[in-house]
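# Residue-level structural notes
Okay, here's what each chain looks like letter by letter:
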Amino acid sequence: MVLQEILYKVRIRSVHGKLDVDVKNLQIDSRKVERGSAFIAIKGTHTDGHQFIEAVTAVRPAVIICEQMPSVLKENITYIQVEDSAAASGLLAHNFFGQPSEKLKLIGVTGTNGKTTIVTLLYKLFSSLGFTCGMLSTVQNHIGDRILPATHTTPDPVSLNELLSEMVKAGCTHVFMETSSHAIHQHRIEGLYYTGGIFSNITHDHLDYHKTFDEYIRVKKSFFDGLSSAAFALTNADDKRGDVMLQNTMASKYSYSLKTAADFKGKILENNLTGLVMLVNDQEVHFRLIGEFNAYNLLAVYGAAICLGEEKAEILRNLSVLSGAEGRFDYIISQKEKIVGIVDYAHTPDALENVLGTIRKLRKNDERIITVVGCGGDRDKTKRPIMGEVACRLSDQVVFTSDNPRSEEADAILKDMETGLNSAARRKFVAIVDRREAIKTAVNFSKTSDIVLIAGKGHEKYQEIRGVKYPFDDKSVLRETFELLSK
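Quantities reported herein were computed from a predicted structural model and do not represent experimental measurements.

### Re the pattern of salt bridges
- Per the stated rule, a full pass over the model turns up 26 salt bridges.
- Salt-bridge contacts for Lys 24 lead to Glu 34; the nearest nitrogen and oxygen are separated by 3.4 Å. With a gap of ten residues between them, Lys 24 in the loop between strand E1 (12–16) and strand E2 (25–27) and Glu 34 in the loop between E2 and strand E3 (37–40) connect regions that are remote in the sequence.
- Arg 426 is the salt-bridge partner of Glu 418, the closest N and O atoms lying 3.8 Å from each other.

And the structure:
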């Protein structure tokens with residue numbers, strides 16, 4: 001593509017060289033640059049792409065896009081100085097791949113909890129309604145029926161626009177994507193055209209990155225601020241920041257709720273291990289999903305489908321038979337002892353409280369709740385004592401264990417979790433660093449019909465320790481432990 005054509009809407013400070021050169025591809029990673037590439041030097045959280053400009057020039061890229069011009073400018077390379085390389089990368093990718101988001105009904109879902117389930121349900125619902133759909137989520141990406149692995153909640157702008165372009169080519173009409181606060185802040189979604197945006201909720205998370213809760217809220221809100229007047233914005237009216245999210249949006253505003261007046265109103269009639277029975281705008285429906293948190297997710301999906309022009313009866317009929325996302329309240333029951341094992345991605349205090357609160361409502365008699373929980377390394381440390389407190393307050397017995405310790409020592413993370421415990425809570429927990437042993441111990445603690453919650457990793461198939469990802473699947477380990485118990 002000709003350079004001049006991909007610069008549309010990019011805020012340029014200066015140009016050195018020709019604008020009529022051909023650009024073979026866009027690269028953010030200096031190691032992937034080849035002859036004819038456009039290299040975008042971005043200041044990241046860990047590295048600054050500007051430090052690789054000199055090395056990159058050796059392979060003769062067509063263009064270098066940067067915030068600071070290098071002191072030496074090489075011949076036959078065009079240098080473009082922009083105000084913000086990260087923002088420019090989104091616009092450049094949007095243009096390079098032919099503005100794919102404008103050819104799709106792209107729906108972004110943002111919030112602390114529920115993003116993956118909402119996106120997955122939307123993808124399954126619209127596929128069942130006969131549409132060819134795309135999905136971008138924490139668990140996996142879909143282009144129609146084709147499944148691709150997901151490396152980030154929201155990919156980098158070049159990968160993201162390339163995926164959207166592939167979706168257009170595959171005949172997709174609707175795309176549902178998780179839109180993380182990191183992606184919004186880092187301009188990964190810059191230039192995308194959204195047909196609609198959904199807000200699930202906002203709770204304590206990612207303060208290692210955003211530093212303050214107010215900044216975290218501001219970043220989430222900026223997504224809705226950027227929606228066009230032709231889009232819709234759907235918010236959770238029961239979240240105290242739900243209205244704040246839509247204050248300055250130009251999009252058409254809608255809300256969903258279990259507790260207050262809203263466009264899409266729900267009421268839980270029954271909540272047990274066979275699913276939810278709800279009134280949805282006065283129509284009674286049985287859903288396969290479990291728990292109040294999923295009632296909110298279902299209302300968000302229902303509201304979005306109505307906003308997208310689908311018919312109420314068809315939406316509810318198809319939605320009622322759908323299962324949720326992998327690793328979200330995923331349960332199995334041991335054959336002989338009838339111990340209920342639940343695997344859930346809950347890795348924030350609010351998500352853990354929601355899951356444990358749901359389990360407490362579901363238990364019928366004196367079944368005990370045994371929880372296995374940890375916290376990730378190199379992430380928000382302030383939530384660790386809160387996670388420990390929530391687990392012990394709402395469980396009968398707790399096993400603290402490693403999650404993804406990354407570069408930190410797992411022992412140190414568990415000690416951080418312990419600081420949130422009072423003397424009564426301290427009598428409830430044991431700490432076992434090895435996650436496999438922790439799961440086995442929790443099952444051994446349990447008696448007939450008890451409930452074992454394995455929290456924190458959900459769908460993940462690995463455990464990251466000192467930079468190495470080792471194969472690990474909570475659900476597989478739980479199933480193996482149940483099988484050994486039944487022998």
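Now, onward.
### Let's talk about unusual backbone geometry
- A positive phi angle, near 55°, is found at Lys 338, a position not held by glycine.
- Relative to the elements of secondary structure, Lys 338 occurs in the loop between strand E17 (330–333) and strand E18 (340–344).
- Lys 338 sits in the partly exposed class, given a relative accessible area of 46%.
- With phi around 50°, Arg 466 is a residue other than glycine that occupies positive phi space.

### As for the sheet that holds E3
- The mixed open sheet is built from five strands, whose spatial order is E1-E5-E4-E3-E2. With partners counted over all chains shown, the strands left at the sheet margins are E1 and E2, one partner each. Sheet twist, expressed as the mean angle between neighbouring strand axes with direction ignored, is 15°.
- Each of E2, E3, strand E4 (63–66) and strand E5 (78–82) is contacted by helix H3 (residues 85–96), which is oriented at about 160° to E2, the strand it contacts most.

### Observations concerning the layout of surface pockets
- Approximately 510 Å³ is the volume attributed to the second largest pocket.
- Contributing to the lining of the second largest pocket are 20 residues, with Ile 189, Glu 190, Gly 191, Leu 192 and Gly 226 lying nearest its centre.
- Looking at the lining of the second largest pocket, the elements with two or more residues in it are H3 and helix H8 (213–225).
- When residues in the lining of the second largest pocket are grouped by element, the largest group, three residues, is from H3.

### Details of the pairing of strand E22 (residues 451–455)
- For E22, the buried fraction is high: five of the five residues fall into the buried class.
- The alternating pattern of E22 places Ile 451, Leu 453 and Ala 455 and Val 452 and Ile 454 on opposite faces, both of which are buried.
- Bridge analysis of E18 against E22 gives five bridges, and the strand direction is parallel. What sits directly across from Gly 341, in E22, is Val 452.
- Two elements, strand E19 (residues 369–373) and E22, share four bridges in a ladder whose sense is parallel. Residue pairing for E22: Ile 369 is matched across the bridge by Ile 451.

Definitions and limits used
- Residues numbered from 1 in each chain as written.
- Predicted model: local features only at pLDDT ≥ 70, side-chain atom pairs only at ≥ 80, totals over all residues.
- Heavy atoms only, no water.
- Salt bridge = Lys/Arg side-chain N within 4 Å of Asp/Glu carboxyl O.
- Helix = DSSP H or I, 4+ residues; strand = E, 2+ residues; numbered from the N terminus.
- Buried < 20%, exposed > 50% of the residue type's maximum accessible area, 1.4 Å probe, protein only.
- Pairing = 2+ DSSP bridges.
- Axes fitted to C-alpha atoms, helices over the stretch in contact; angles between N-to-C directions.
- Contact = heavy atoms within 4.5 Å.
- 1 Å grid on protein atoms, 1.4 Å probe; cavity = no way out; pocket = protein on both sides within 12 Å on 5 of 7 lines; lining within 4 Å.
- Points joined across faces, edges and corners; volume = space filled by probe spheres on them.

Everything listed is a geometric property; what it means functionally is a separate question.
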